[in-house]
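# Structure assessment
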Amino acid sequence: MLSGSAQTCFIASATLLAACVGGSVAADRGNGQKIAERWCTGCHVVSPQQQQGSDQIPTFAQIRRSDRFDDQSLSTFLAAQHNSRMPNFSLTRSEIADLVAYIKAHGR
Ligand code: HEC
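Cut-offs applied
Residues numbered from 1 in each chain as written. Predicted model: local features only at pLDDT ≥ 70, side-chain atom pairs only at ≥ 80, totals over all residues. Heavy atoms only, no water. Near = heavy atom within 4 Å. Polar contact = N/O pair within 3.5 Å; in protein donor to acceptor, adjacent residues only side chain to side chain. Helix = DSSP H or I, 4+ residues; strand = E, 2+ residues; numbered from the N terminus. Nonpolar A, V, L, I, M, F, W, Y, C, P; charged D, E, K, R; others polar. Phe/Tyr/Trp six-rings, centres within 6.5 Å; stacked < 30°, edge-to-face > 60°. Buried < 20%, exposed > 50% of the residue type's maximum accessible area, 1.4 Å probe, protein only. Core = buried A, V, L, I, M, F, W, Y, C linked by side-chain atoms within 4.5 Å. Contact = heavy atoms within 4.5 Å. Donors = N, O, S within 2.8 Å, 3.2 Å for Na, K, Ca; no water. Tetrahedral: all angles 85-135°; square planar, octahedral: opposite > 155°, others 65-115°.

## Some remarks on the site of the ligand
- Among the 19 residues in the neighbourhood of the ligand, the closest are listed as Cys40, Cys43, His44, Arg68 and Met86.
- Take Arg68: an N or O atom from its side chain is 2.5 Å from an oxygen atom of the ligand.
- Within the contact set of the ligand, an oxygen atom lies 2.7 Å away from a side-chain nitrogen or oxygen of Ser84.
- Listed by contribution, the elements that provide at least two residues to the shell around the ligand are α3 (60-65) and α4 (71-79).
- A per-element tally of the shell around the ligand places α4 first, with 3 residues.
- Grouping the constituent residues of the shell around the ligand by class yields 15 nonpolar, 2 polar and 2 charged.

## Re the packing of aromatic side chains
- The full count for this structure, using the stated rule, is 2 aromatic pairs.
- Measuring from centroid to centroid gives 6.3 Å for Trp39 and Phe89, while their planes differ by 65°, and the two rings are edge-to-face. Placement of the pair is Trp39 in helix α2 (residues 29-39) and Phe89 in the loop between α4 and α5 (93-105), with a sequence separation of 50 residues.
- On the numbers, 5.6 Å between centres and 75° between planes, the contact of Phe69 with Phe77 is edge-to-face.
- We classify Phe77 as partly exposed; its relative accessible area is 31%.

## What to know about the nonpolar core
- With 16 residues, the main nonpolar core has Ala36, Phe60 and Leu99 as its most contacted residues.
- When residues of this core are traced back to their parent elements, those giving at least two are α2, α3, α4 and α5.
- Counting residues per element, this core draws most heavily on α5, at 5 residues.
- Discounting residues that sit within four places of it in the chain, Leu99 has contacts with Gly32, Ile35, Ala36, Cys40, Leu78 and Leu91.

## Points about the coordination of the iron atom of the ligand
- Protein-derived coordination of the iron atom of the ligand comes from His44 (NE2) and Met86 (SD), at a distance range of 1.9 to 2.0 Å.
- Each of the 6 donor atoms around the iron atom of the ligand contributes to a set of angles spanning 88 to 179°, which defines the coordination as octahedral. One end of the pair, His44, is in the loop between α2 and α3; the other, Met86, is in the loop between α4 and α5, with 42 residues separating them in the sequence. As far as the burial class goes, His44 and Met86 line up, both buried.

Structural measurements only, silent on function.
Take a look at the structure:
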């Protein structure tokens, strides 16, 4: 009984570990798109297909082209607290990596 549950626990944590390692290696751009569409479209234009957004706020295409943002600085920005109209999100590191992959990949 006891050894049975310990075994289940071992298998579960091994799977979890594999998922974590996998996540840090390959950011999931598709998931980044989902996060963007859910959390960012209220203000930013996140894709060429999006019709509405604010013209006061940089689009994801502009952010991608911006010299100020490479993958590293974009990740840092998204993890930081903003004292601005840009809301603070509680994103996990893997969500941030996915978002950065999405922002860097879409359009030209
Ligand atoms: C409530 C509106 C709002 C939402 C929602 C929002 N942002 Fe922003 N964001 C802004 C504003 C406004 C700015 C312009 C800079 C400022 O005022 O700080 C900005 C700036 C940025 C910048 C920096 C651009 C630059 O050139 O300085 C990035 C990167 C960014 N947002 C990413 C995101 C991501 C990713 C999401 C979704 C997870 C998101 N934002 C959701 C309002 C928003």
